[in-house]
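What follows is each chain in one-letter form.
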Amino acid sequence: MNLSKIHTLLIAAFFIFLTATVISHPQASFEASKTGLSMWWEVVFPSLLPFFILSELLIGFGIVRFVGVLLEPFMRPIFRVPGVGGFVLAMGMASGNPAGAKLTARLRQEKQISRVEAERLASFTNSSNPLFIFGAVAVGFFQNASLGILLASAHYLGNLAVGLTMRSYGRKEERQLMRNKTISLPSIKDALHALHTARLAEKRPLGKILGDAVTSSVQTLLMVGGFIILFSVFNRLLSVVQLTDILSILTEGALTLFQLPSQLDIPLLSGMFEITMGSKLVSETDVSLLQKAVVVSFILGFSGFSVQAQVAGILSETDIRFKPFFIARVLQGIYAAVFVILLWKPLYTAWNDHDQYVFKSLETGELPTALISGWNLLVQIGPAVTLCALFTYIFIFLYRLTKQNKKRNELKTLILV
């Protein structure tokens, strides 16, 4: 039996097992589905939708090309990606997973970047957003707003470290292309020319651009929601059928290798599937705060198979390969964990003997408080935003479907005549 047939049998066996487990444990599956749906409904959809729509509009009107020309001398020599990568990096950090992959795929479809550049760019522009790190992880799970600064610093430094590591990826493939490229100082005139050229090349009317931005963004987020629910159920079922205990042997071995407590084995395994549940379980363990922070930082950097599946679904619409992204996630998890250890003493100081820590320069807590308030507001208004956006999407979809049917009927009438 060849490798291809074995691969097919393994996939078939996995989905048969998953289906049988869902049927035999309907209550657990239902509760897990509700948990995943709640996360998507309240937080993921409303937080990502504005960024996705604005990004589509910025790309459509050529503003991204304007930014790309200005940032080319910075992004090209440091990360070996075009200047538009600076826009993707900023939007990815602000909006969170999987925005970086979405924007990278969009730029690749526009042929603004090559395949190797897209794979390089996607590797370091996907991250958790500050609201999630501060609101959900630091305050929601650890009840420690100051911890958010440490986790966010390590997380975003890990992103940049991955970018520097991946800059040498795919050099052979693009060597011939780069021979003819020269890097010059940014020119406002050239940037404005690129903006004007891109705008003239866009033939769609304003209403069509807005409609396409909304429908494309909602369709992507519906796919993201499906993955969140699927992995929420899968993670829960692994625990129900006690496979988590077997798989945790691997994570326990890894923890022992890095001299971390074995109590973190199941939380780490859970986090490798879904970051929210994994971070929550880590916060509930009885180990030191530094050890918890190291593991949570790894989980946030690795992003979890749930996020990786979302990215794989987005990248599948292009010729961008998923393997470099997966390798980058492993690297970022390691980098982020190391940065927590390196930044622990410079940023934190012990003030009593009970493992409680505060930041020297942020004792007022103004920045964390603002981010936490933003997270709480998002959770409150999230369902209303999601509902309004879905109704808008349905309206646009039905309007376009009616218009297409009308044109089709008119064409049939003309043919018959």
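All values derive from a computational prediction rather than experimental measurement. (Residues numbered from 1 in each chain as written. Predicted model: local features only at pLDDT ≥ 70, side-chain atom pairs only at ≥ 80, totals over all residues. Heavy atoms only, no water.)

Caption draft 1: Structural view of the overall build of the chain. Each helix and strand counted, the chain has 18 helices and 2 strands in total. Expressed as a percentage of its 417 residues, the buried residues of the chain come to 47%. A sequence separation of at least 24 residues applies to 77% of the contacts in the chain between residues at least 6 apart. Surface accessibility of the chain: about 21,100 Å² in total, with carbon and sulfur atoms responsible for 67%. (Helix = DSSP H or I, 4+ residues; strand = E, 2+ residues; numbered from the N terminus. Buried < 20%, exposed > 50% of the residue type's maximum accessible area, 1.4 Å probe, protein only. Contact = heavy atoms within 4.5 Å. Areas by Shrake-Rupley, 256 points an atom, 1.4 Å probe, with all protein chains shown as cover.)

Caption draft 2: View of the environment of leucine 343. With respect to the element layout, leucine 343 can be found in helix α17 (residues 323–347). Accessibility expressed as a relative area gives 18% for leucine 343, which makes it buried. For the pair formed by leucine 343 and leucine 151, sequence separation is 192 residues and the distance between their alpha carbons is 9.6 Å.

Caption draft 3: Spatial organisation of the side chain of threonine 215. Here threonine 215 lies in helix α11 (residues 206–240). On the accessibility criterion, threonine 215 (11% relative accessible area) is buried.

Caption draft 4: Region of the structure containing the packing of helix α5 (residues 99–109) against helix α6 (residues 115–124). As a packed pair, α5 and α6 sit with axes 9 Å apart at the nearest point and diverge in direction by 170 degrees. By the angle class used here, α5 and α6 are roughly antiparallel. Counted together, Thr104, Leu107 and Arg108 of α5 and Arg115, Ala118, Leu121 and Ala122 of α6 form the full contact between these two elements. (Axes fitted to C-alpha atoms, helices over the stretch in contact; angles between N-to-C directions. Parallel < 35°, antiparallel > 145°, perpendicular 65-115°, else oblique.)

Caption draft 5: Representation of helix α7 (residues 130–141) within the structure. Residues of α7 that are buried: Phe132, Ile133, Phe134, Gly135, Ala136, Val137, Ala138 and Phe141. The backbone nitrogen of phenylalanine 132 lies 2.8 Å from a side-chain oxygen of the residue at the head of α7, namely asparagine 129. (Polar contact = N/O pair within 3.5 Å; in protein donor to acceptor, adjacent residues only side chain to side chain.)

Caption draft 6: Molecular detail of the nonpolar core. Val137, Phe142 and Val295 are the most contacted members of the largest nonpolar core, which totals 34 residues. The next biggest cluster of nonpolar side chains, apart from the first, holds 25 residues, and it includes Val64, Met75, Phe79 and Met91. (Core = buried A, V, L, I, M, F, W, Y, C linked by side-chain atoms within 4.5 Å.)

Caption draft 7: Structural detail: the confidence of the model for the chain. On average, residues of the chain score 81 in pLDDT, and 88% of them reach the 70 mark or higher. Low pLDDT (under 50) marks residues 350–365, which in the prediction has 26 contacts with non-local residues, meaning those over four places away or in another chain. (pLDDT = per-residue confidence, 0-100.)

Caption draft 8: Structural context of the environment of methionine 91. When you line up the elements, methionine 91 lands in helix α4 (residues 84–95). As a C-alpha pair, methionine 91 and asparagine 129 span 38 residues in sequence and 9.7 Å in three-dimensional space. Dropping the residues within four chain positions of it, methionine 91 is found in contact with Phe51, Ser55, Gly96, Ala99 and Leu103.

Caption draft 9: The arrangement of the environment of alanine 136 in detail. Its location among the elements puts alanine 136 in helix α7. For the pair formed by alanine 136 and serine 279, sequence separation is 143 residues and the distance between their alpha carbons is 9.2 Å.

Caption draft 10: Looking closely at a nonpolar patch on the surface. On the surface, Leu387, Phe391, Ile394, Phe397, Leu398 and Leu401 cluster together to form a nonpolar patch covering roughly 560 Å² of accessible area. Within the element layout of this structure, leucine 387 appears in helix α18 (residues 366–416). Assessed through its relative accessible area of 39%, leucine 387 is described here as partly exposed. (Patch = residues over 30% accessible without salt bridge, like charges linked within 9 Å, V, L, I, M, F, W, Y side chains within 5 Å. Salt bridge = Lys/Arg side-chain N within 4 Å of Asp/Glu carboxyl O.)

Caption draft 11: View of the pattern of salt bridges. A full pass over the atoms with the stated rule returns 11 salt bridges. Linking glutamate 119 and arginine 115 is a salt bridge whose minimum nitrogen-to-oxygen distance equals 4.0 Å. Residue glutamate 119 and its partner arginine 115 are located together in helix α6, separated by 4 residues, close to a single helical turn. Overall, glutamate 119 belongs to the buried group, its relative accessible area being 1%. The class for arginine 115 is partly exposed, based on a relative accessible area of 28%. For the salt bridge of aspartate 212 with arginine 400, the shortest nitrogen-to-oxygen distance reads 2.7 Å. A residue pair is termed long-range when its members are at least 10 positions apart, and aspartate 212 in helix α11 and arginine 400 in helix α18 qualify at 188 residues.

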